[in-house]
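Listed here are the chains, written in short residue letters.
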Amino acid sequence: MEKEIFDILILGGGVAGITASIYAKRRNKKVAIIEEMLVGGQLASINEIENFPSYDNVSGFELMQNFQKQIKYNEIQIINDIVQNVNFEKEIKEIICKNKVYYAKSVIIATGLTHKKLGQNEDIFLGHGVSYCAICDANFYKKQDVCVVSQKGSGILGALQLADVCKKVYLLDSEDMTIYAKACPKKNIEVISNANISEIYGNMKVEGVKYLKGSIMETLSISAVFIELGKQPLTEIYKDKLKLDASGYILTNEKMETSVKGVFACGDIRAGILKQLVTACADGAIAGQYA
Ligand SMILES: Cc1cc2nc3c(=O)[nH]c(=O)nc-3n(C[C@H](O)[C@H](O)[C@H](O)COP(=O)(O)OP(=O)(O)OC[C@H]3O[C@@H](n4cnc5c(N)ncnc54)[C@H](O)[C@@H]3O)c2cc1C
């Protein structure tokens, strides 16, 4: 069977990928987005947006719905699959996904950022008490005790959001947080400094955590663990194929071209100085125009 070759395949359907697809489609290209989850990307986890032009205040969900409508209006194909590897060596690029291999003359990488992991046994409890998004999942733990895993204050915002709905929020930070503990505006947040989680335990769902404070092992009974350690680019599959910066972000020129001809990158995954919705859209527009 003859293989289907796209003009442009866009990896990731966040705002960067969506904007790229609109610009590419308007150039009459055969284009598709490969997205593993919902089109909209990080938008789903934003409560309120106050800096997206033409809106005074909008929820990430509302903006996501508008982007989805625009995808439909422009008849852009969405392929629901997970990109697992790539082959950029030949003129026709190969995108190796979980279900199938896809082929394209040009590729735009727009897979954004991923949550930094704790590196303990969190995977087995994912969706059963382990979450990476306080805004998205706080309501599942209304009036319950939860903990936030934090590093140098990375979990403060998440803890404050959880404190509005949960009974008690333990903020476990690996650094000394004494100054923040004194200034913390919520009475139901207990800040625990110099704490490193060594185990999440439970039977089918999270029941508690064990953590080391100095050399002493302590235990907390809680219903959920929110891992708020920040985000990083997931560029492992590109590291021998494209030029990356020291933090793993993909290097591009101003046309969003990477070090390989026919391969572009845009949005949060590329080495840029501002990681916001408007900059992701701007990157996407350029990539969609020049790919
Ligand atoms: C809590 C929070 C609040 C924010 N608030 C604001 C704000 O108020 N204003 C603002 O301007 N910006 C804000 N941002 C930043 C903004 O959301 C991002 O800069 C922007 O969404 C980045 O878009 P992107 O398309 O580059 O990446 P993403 O939105 O991360 O999209 C990447 C997409 O790729 C998909 N993907 C990843 N890996 C694969 C794979 N292997 N296979 C297939 N698909 C894959 C993902 O599922 C995702 O849909 C906020 C971010 C967060 C997390």
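Computed from a predicted model, the values in this text were never measured in an experiment.

## Digging into the overall build of the protein
Scanning the protein from N- to C-terminus turns up six helices and 17 strands. The globule rule puts the C-alpha radius of gyration for 291 residues at 19 Å, and the 21 Å found for the protein is close to it. Counting across all 291 residues of the protein, residues that qualify as buried make up 38%.

## Digging into the sheet that holds strand S14 (residues 216-221)
Pairing within the open sheet is antiparallel, and its three strands lie in the order S12-S13-S14. The open sheet is flanked by strand S12 (195-203) and S14, the only strands paired with a single partner. The mean inter-strand angle of the sheet, taken between neighbouring strand axes irrespective of direction, is 25 degrees. The pairing of S12 with strand S13 (residues 205-213) spans eight bridges and is classified as antiparallel. Paired with Asn196 across the two strands is Leu212, which belongs to S13.

## Some details on the sheet that holds strand S15 (residues 224-228)
A sheet is described by the order of its strands in space; here five strands give the open sequence S8-S15-S9-S10-S11, paired in parallel fashion. Two strands bound the open sheet, and with one partner strand each, they are strand S8 (130-131) and strand S11 (189-192). Judged from the five bridges that link them, strand S9 (residues 145-150) and S15 form a sheet pairing that is parallel. From the neighbouring strand, Ser150 faces S15, where its bridge partner is Glu228. Contacting S9, strand S10 (168-173), S11 and S15, helix H4 (residues 156-163) runs over the sheet at an angle of about 170 degrees to S9.

## Focus: the site of the ligand
Taken together, 30 residues are adjacent to the ligand, and Gly12, Gly14, Gly41, Gly112 and Gly267 come closest. Broken down by secondary-structure element, the contributors of at least two residues to the shell around the ligand are helix H1 (15-26), strand S2 (31-35) and helix H6 (277-290). In the shell around the ligand, the residues fall into 14 nonpolar, 12 polar and four charged.

## Digging into the environment of Gln144
Among the structural elements, Gln144 can be located in the loop between helix H3 (134-137) and S9. Residue Gln144 is classed as partly exposed on the basis of its 16 C-beta neighbours within 10 Å. Residues Gln144 and Leu234, spaced 90 residues apart in sequence, show a C-alpha to C-alpha distance of 33 Å. Once residues within four sequence positions are removed from consideration, Gln144 is found in contact with Cys166, Lys167 and Ser223.

## Things to note about the packing of H1 against H6
Contact geometry for H1 and H6: axes closest at 7 Å, N-to-C directions at 35 degrees. Where H1 crosses over H6, the two elements pack in a sense that is right-handed. Contacts between H1 and H6 involve Val15, Ala16, Gly17, Ile18, Thr19, Ala20, Ser21, Ile22, Tyr23 and Ala24 on the former and, on the latter, Leu277, Ala280, Cys281, Asp283, Gly284, Ala285, Ala287, Gly288 and Gln289. Its residues assigned to classes, the contact of H1 with H6 comprises 12 nonpolar, six polar and one charged.

## A few points about unusual backbone geometry
Even without a glycine there, the phi angle at Ser54 is positive, about 85 degrees. Locating Ser54 in the fold gives a position in the loop between S2 and helix H2 (60-73). Backbone geometry places Met256, a non-glycine residue, at a positive phi of 70 degrees.

## Structural notes on the environment of Lys30
Mapped onto the elements, Lys30 comes out in the loop between H1 and S2. Sequence separation between Lys30 and Asp7 is 23 residues, and the spatial gap between their C-alpha atoms is 5.0 Å. Once residues lying within four places of it in the same chain are set aside, the contact partners of Lys30 are Phe6 and Asp7.

## Thoughts on the domain arrangement of the protein
Each assigned domain of the protein is listed with its residue range as follows: domain 1 (5-115 + 231-290) and domain 2 (122-228). The distance between the C-alpha centroids of domain 1 and domain 2 comes to 32 Å. With four residues of domain 1 at the contact, the number on the domain 2 side is five residues.

## A word on H4
Every buried residue of H4 is accounted for by Gly158, Ala159, Leu162 and Ala163. Buried residues of H4, viewed axially, fall in a sector of 135 degrees; they line one side. At its buried positions, H4 is contacted by H3, S9, S10, S11 and S15.

Cut-off values and rules
Residues numbered from 1 in each chain as written. Predicted model: local features only at pLDDT ≥ 70, side-chain atom pairs only at ≥ 80, totals over all residues. Helix = DSSP H or I, 4+ residues; strand = E, 2+ residues; numbered from the N terminus. Rg over C-alpha atoms; globule rule 2.2 N^0.38 Å. Buried ≥ 20, exposed ≤ 12 C-beta atoms within 10 Å, placed from the backbone. Pairing = 2+ DSSP bridges. Axes fitted to C-alpha atoms, helices over the stretch in contact; angles between N-to-C directions. Contact = placed C-beta atoms within 7 Å. Near = placed C-beta within 6 Å. Nonpolar A, V, L, I, M, F, W, Y, C, P; charged D, E, K, R; others polar. Left-handed = near helix turned anticlockwise from the far one by under 90°. Domains from an automatic or database assignment. Arc of directions from axis to C-beta.

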